[in-house]
Amino acid sequence: MFRSRSWFGGGWGRPKNLHSLEHLKYLYNVLSKNQTVSEHNRGLLVETLRSIAEILIWGDQNDSSVFDFFLEKNMLSFFLRIMRQRSGGSSFVCVQLLQTLNILFENIRNETSLYYLLSNNHVNSIIVHKFDFSDEEVMAYYISFLKTLSLKLNAHTIHFFYNEHTNDFPLYTEAIKFFNHPESMVRIAVRTLTLNVYKVEDASMLAFIRDRTAAPYFSNIVWFIGKHIQELDYCVRNDADHQSQNRLSDLVAEHLDHLHYLNDILCLNITDLNQVLTDHLLHKLLIPLYIFSLTKRPTPLNDIMTANMNRLLYKRTFTSDSTSSPHHENSSNGGKISCVVALFLLSQVFLILSHAPLVQTLAWIILKTDRLSYEQGVDKLLESYNNELKRKQAEECMESEKSTRTSSKDGSNEDLLEEPRNVTDEEKERLASTSENSSEEEKPFLESVLMSLDCTENDYTTLFSLCLFYAIANNKGITSDIAEQILKPKKTLVTKTSNKEIKYSYNVQLVDKILHVVMLACQPACRVRLVTLELALKFLSQLVMCDGKSILMESHKLTIDAAKSQSTASLRNFYKSEEIFLDMFEHEYCDMQKGSLNVEWLCMDSAILLPPTGTPMTGIDFTKRLPCGEVERARRAIRVFFLIRDMVLTLNGEVETQLPLTNPQSCVQIDQALDLSISRYNSDLIGCTVIYKEGNKMRRFLVIDILQLILVEPDTKRLGWGVAKLVGFLQDIEVSGDKDDSRCLHITIHRPLSGTATNRIPLLSAKFVFDDNIRCMAAKQRLTKGRIKARQKKMQHIARLLEIPGQSGPPSPAFIGACGVGYTSRQMGRNRERPLFNRCPGIAAPKRESSPGIAHRADAEARKIKCTVESPRVPRLRNESPNAKRDVRSRDSSSSSRTRSRDSSPRMPRPRSEEIPLELIKKAPSSVIDMAPKISILPRPQTPKVECDRTAPEVIRCLGDKDSGVSSISEVSEETSFIAEEADVENEKSFVETV
């Protein structure tokens, strides 16, 4: 009737405070009464175990009596009894028990509490318990429990797990049994556990690992990696259609995990373990499977037995598979893998491993092994290397003794070795060249890698050969004497009479091969990928750059120059006037500025293992495949041009000054104060209201610069100044009118291209409302023409870079980083249209009044000057009337428009009767003429000025006198404000007084 409904069913004795010693005593009573697991009480036991872990963690931080009671009652023994039961529901309780132990050991912070838990050897009994590992949940919690215990290992706790008297280490021995588990999470946990064990500095424990487990464990690891490589090679051979990219990616990632794990072990610098591991890697994996696969020569006879044993091991693994298995593939190849896979895997080895004894041995075998040693097998190769190492050590000892003897006499030691003086330089060069040529013919592995650099058909093997050379040359564990003269430039000290000179040399044969790759990559229809070209140039710069300067031979310099000319000519074929070329040019440049090629990341990509493809449907990056279509071929030509150009500048020691086309840092920035009274900003100043999509309204002034569109807010502190609130490039704007309101424009400003931006989100997309439709039409015209002119300027700059005929003039400073700095008002007046509105905020414009027309005498004088002087533009003289200046400008623009238009297209001469009378126009721009009748603008009062009739010879002398300054009056826009007009009047008055 009064039966409890709680989980525990323990009646009324359950304490209310769950985090207390009384509650732990209550849970102990529950365990004592339910020592046998059944279907009825398994839920009760699971909840009890969970509560015990929670109370113990609380007691570790708050009450030490909790652990005292836990140890007094030996509650871990209850855990063991529950595990050892085979009754129904025991597996369910074991999962909760392992989870409880895992949480408990992971959260214990007090060392005393940890020692209490590890005492009585109950933890080792739990480790060696035979769990049902067919249950994935049990396996996951068990391996996680072992990994948590390994994190608690140190010099003090190691004795709880390793028993020196019985020579037993269950935590380590039980864990390494799962090194080849099919679940990747389990394999990773085992690797983490072993590394945590190796880090503990205990001599007896490390001796146990070396003597009892190192050889079998490392041997199994090597066997497992070899089996994995056979699967990788099989996948590459049978996936020419790129259908198994996911499987190939998993295999490559697994091999990278193996190499990083081996490198972590080697970096611990445990001499005994490193020696055992290095010996297994060299004898059973890296030399017989990796290096021997570089050459097509048959496998040495001494290694056939080892290969047959490996095949038997692989056969056991693939007995359940179909007939087409890696075992059948490699049986026909004598236990080898393909050359492409071998180059790829060796590149990963040299990029990841840095243990000096291992990588130096591999590098010496690849670069300097002769054919005789190769034919005698792995043992003979290692013996040859050891003999060479001993010989070098003996030479170093002799050199050190010699240097100590001569140091007292000379007083200083040279960093470079001095060559013997009894041999002439010519004899040294001849002996060195003959020895190099003869030795290269007898080096089968180096010869095979050099032959792989041939990319006549494609660059499939070329990319991996370059990766291998680059990895060997940049490995920190390899000494310079191994790679010097082969993969690195050599520096020697040459003694001539009384002077000592430094002589540089490099591997001419290798540089010839690389330059051949570069020349082929510059051909329009080649099959060399961009990543291959970039890596070739990156490695070439290391080969021929020494002490910060180029040591390239003259013949090789000519080859590089020819490659630059070829790349420029190839890109010239894609040069077009459409907008897409300019966008592609800037996009590719910005994309390349994100960072240089990372070879280690490149070798992590499994896609390069497959044959080069030209379709983007495979998902392979553009630089790692062949181009598809006209657009991608143009992109490739642009990138080749950039790569070759950068290489030429590097070799010449020059700095890039022509790219990027626009330097945003030198342009107007946001919150920059602008003087709106100058002609650069005042000529195109139009007031408007900006309405954002959110509904916000702001009053701004629209300024159209040479390259930029600027929204300006008047400065409240300085009269005639404004603050830039938004800045965008004219080439990146989109303008469209509003069908419902003729005073509105919809303007979208895209973000400029940059090396960090991945997508171009619009910088501004808003509605611009002007005061009337005329200002709206003027703003649209300014924006449209400004966009066209900005893009045309950049296209002209590109044409100059590509050396296109007709574009040989100097580039505009605005497009090489100056952005208008140094641009004179006269140059701006020629390239820009005259303003329609020039209301500068804070500066009042005077009211204009009508003035009488200009006499035809000025027109006749202008014709006379035009016939005499060849220059189409005659600057106004100090004593010449302003009306005559306007007449000259009008006649000059009229005559030039008869021959050519602004867009350089031919135009038929206009009849004399259709010309507008000069006295009816005060300003020349054609964009204003059509709108002039719609507005009423009062002309500005004219100040009478002294006219001086000059003949044509006098004008010529004035124009030719550059030092006198008479004709160097800077043109100021006549519509800016009365300030500029008054400045002109004062200058003219002073000149009249001088005359």
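This one's a predicted model, so the numbers in the text were calculated from it and none came from an experiment.

## Examining the packing of aromatic side chains
Counted by the stated rule, this structure contains 31 aromatic pairs. The interplanar angle of 45 degrees and the centroid separation of 5.5 Å between the aromatic rings of Tyr 162 and Phe 208 together place this pair among those described as tilted. Here the residue Tyr 162 occupies a position in the loop between α9 (158-161) and α10 (170-175), and Phe 208 occupies one in helix α12 (residues 203-237), the gap between them amounting to 46 residues. Here the aromatic rings of Phe 641 and Phe 642 are separated by 5.9 Å at their centres, their planes lie at 55 degrees, and the arrangement is tilted. Judged by its relative accessible area of 2%, Phe 641 is buried. Taken together, Tyr 162, Phe 169, Tyr 172, Phe 179, Tyr 198, Phe 208, Tyr 217, Phe 218 and Phe 224 form an aromatic cluster joined through their ring pairs. Of note, Arg 635 hangs over the ring of Phe 622, and the distance from its end group to the ring centre comes to 4.1 Å. The lysine or arginine in question, Arg 718, covers the ring of Trp 721, its NZ or CZ lying 4.0 Å from the ring centre.

## A look at α12
Here α12 spans 47 Å end to end across 35 residues, near enough to the 51 Å set by a 1.5 Å rise per residue. Maximal helix bending in α12 amounts to about 60 degrees, located at Thr 213; proline Pro 216 follows within four positions.

## Thoughts on the sheet that holds strand β7 (residues 697-704)
Pairing within the open sheet is antiparallel, and its eight strands lie in the order β5-β9-β8-β7-β6-β12-β11-β10. Each end of this open sheet is capped by a strand with a single partner; those strands are β5 (673-675) and β10 (733-737). Across the sheet, the mean angle from the axis of one strand to that of its neighbour is 40 degrees, orientation sign disregarded. Here β5 pairs with strand β9 (residues 721-729) via three bridges, running antiparallel. Bridge assignment links Leu 674 to a residue of β9, and that residue is Gly 722.

## Observations regarding the side chain of Arg 639
Take Arg 639: it is sitting in helix α30 (residues 629-652). Among the residues examined, Arg 639 registers a relative accessible area of 9% and is labelled buried. Excluding residues that lie within four positions of it along the chain, Arg 639 makes contacts with Leu 530, Glu 588, Asp 591, Met 592 and Thr 623.

## Describing helix α8 (residues 136-150)
Helix length check: α8 (15 residues) gives 21 Å between terminal C-alpha atoms against 21 Å at 1.5 Å per residue, within 8%. Turning to α8, its buried residues number three or more, namely Val 138, Met 139, Tyr 142, Ile 143, Phe 145, Leu 146, Thr 148, Leu 149 and Ser 150. Near the N-terminus of α8, the side chain that reaches the backbone nitrogen of Glu 137, with its oxygen 3.1 Å away, is that of Asp 135.

## Describing the side chain of Ser 465
Structurally, Ser 465 can be placed in helix α23 (residues 460-473). Leaving out residues up to four positions away in the same chain, Ser 465 has contacts with Leu 343, Val 449, Ser 452 and Leu 453.

Reading the values: rules and limits
- Counting from 1, residues in each chain are numbered in the order their sequence is written.
- With the structure being a predicted model, the display of local features is reserved for residues of pLDDT at least 70 and the display and counting of side-chain atom pairs for 80 or more, all residues being used for whole-chain, interface and lining totals.
- Side-chain numbers here rest on the full set of heavy atoms in the structure, without hydrogens or water.
- Classification of ring pairs rests on two measures: the distance between centres of Phe, Tyr or Trp rings, Trp counted by its six-membered ring, which must be within 6.5 Å, and the angle between planes, read as stacked under 30 degrees, edge-to-face over 60 and tilted in between.
- Numbering of helices and strands runs from the N terminus, with a helix taken as a DSSP run of H or I at least four residues long and a strand as a DSSP run of E at least two residues long.
- Only protein chains enter the accessibility calculation, which uses a 1.4 Å probe. A residue is then buried if its area is under 20% of the maximum for its type, exposed if over 50%, and partly exposed in between.
- We call a charge positioned above a ring when the Lys NZ or Arg CZ atom is no farther than 6 Å from the ring centre and deviates by at most 35 degrees from the ring normal.
- Multiplying 1.5 Å by the residue count of a helix minus one yields the expected span of that helix.
- The seven residues ending at a residue and the seven starting there each receive a fitted axis; the angle between those axes is the bend at that residue.
- Any two strands with at least two DSSP-identified bridges between them are counted as paired.
- Angles here are taken between N-to-C directions and fall from 0 to 180 degrees, while the axes themselves are lines fitted to C-alpha atoms, restricted in helices to the stretch in contact.
- Whether two residues are in contact is decided by their heavy atoms, any of which lying within 4.5 Å being enough.
- What qualifies as a polar contact is a pair of N or O atoms within 3.5 Å, subject to a donor-acceptor requirement within protein and to the restriction that residues adjacent in sequence count only when both atoms come from side chains.

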